[in-house]
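Here is what each chain is made of, one letter per residue.
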Amino acid sequence: MFQRLGFGLGLGWTHNLGPRRVDSVTVVNRIVRIDNERNDLVRFMPEMHVWIDRWDEQRWSWGPFLTVAPGSRIIDAVGFGLMMGYRPHRHDQYSFNVGIGGTLDLDARVLGDGLIANEPLPARETTARTKQTTAAGLLVLFSVGWDLAAPHHPAHTDAK
């Protein structure tokens, strides 16, 4: 199992799939206006992966991955999904990987209950409220990975 385990450093793109994530909200003539939103994020994401196929006789493999997005709260998001990896040579310990999956942002800000963007404030409300919540999203991850154990090969020869 540990021969198929690896780690990587990646760049992830996440796209929000739930309520609009907001940075700032204002009220103009009692209408709720979103000034800034964060529905697409690009961020640094270290990852851990497990290859299903062995690298001994091929240069491609695939398997599940788990990733985190470090941030102001130590971990801002977690992601998971399936990854495909490519090694330039079978004997290399590193790979270039692309993964697709889902993400959970642990501290997303959305409009408060009962507030709707571009609609009037509810009766007796005077300001636009927001709340912190967990939000789901789509994740695409590009990484360079290293395996814990080198692939087994009898001798390094590139006979042509």
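Above this text sits the structure in question.
Small disclaimer: the values here were computed from a predicted structure and weren't measured.

**Quick word on the packing of aromatic side chains**
Then, number 1: Under the criterion given, the structure shown has two aromatic pairs.
Then, number 2: Judged by centre distance (4.7 Å) and plane angle (50°), the rings of W60 and Y86 are tilted. Placement of W60 in strand 5 (residues 60-71) and of Y86 in strand 6 (residues 74-86) is noted, with a sequence separation of 26 residues between them.
Then, number 3: Y86 gets classed as partly exposed once you look at its relative accessible area, which sits at 26%.
Then, number 4: Residues Y94 and F96 carry aromatic rings whose centres are separated by 5.8 Å and whose planes lie at 85° to one another, so their mutual orientation is edge-to-face.
Then, number 5: For F96, a relative accessible area of 43% gives the class partly exposed.

**Focus: the pairing of strand 7 (residues 94-111)**
Then, number 1: Of the pairings in the sheet, the one linking strand 6 to strand 7 comprises ten bridges and is antiparallel in character. Across the sheet, the residue bridging to A77 is D105, located in strand 7.
Then, number 2: Two strands pair when backbone bridges link them, and strand 7 and strand 8 (residues 130-147) are joined in this way by 16 bridges, in the antiparallel orientation. The residue of strand 8 that forms the bridge with V110 is K131.

**Regarding unusual backbone geometry**
Then, number 1: In this model, R30 sits at a positive phi of 65°, which is unusual for a non-glycine residue.
Then, number 2: At N118, a residue that is not glycine, the phi angle is positive and equals roughly 65°.
Then, number 3: In this structure, N118 sits in the loop between strand 7 and strand 8.

About the cut-offs
Residues numbered from 1 in each chain as written. Predicted model: local features only at pLDDT ≥ 70, side-chain atom pairs only at ≥ 80, totals over all residues. Heavy atoms only, no water. Phe/Tyr/Trp six-rings, centres within 6.5 Å; stacked < 30°, edge-to-face > 60°. Helix = DSSP H or I, 4+ residues; strand = E, 2+ residues; numbered from the N terminus. Buried < 20%, exposed > 50% of the residue type's maximum accessible area, 1.4 Å probe, protein only. Pairing = 2+ DSSP bridges.

Just distances and angles here, no functional claims.
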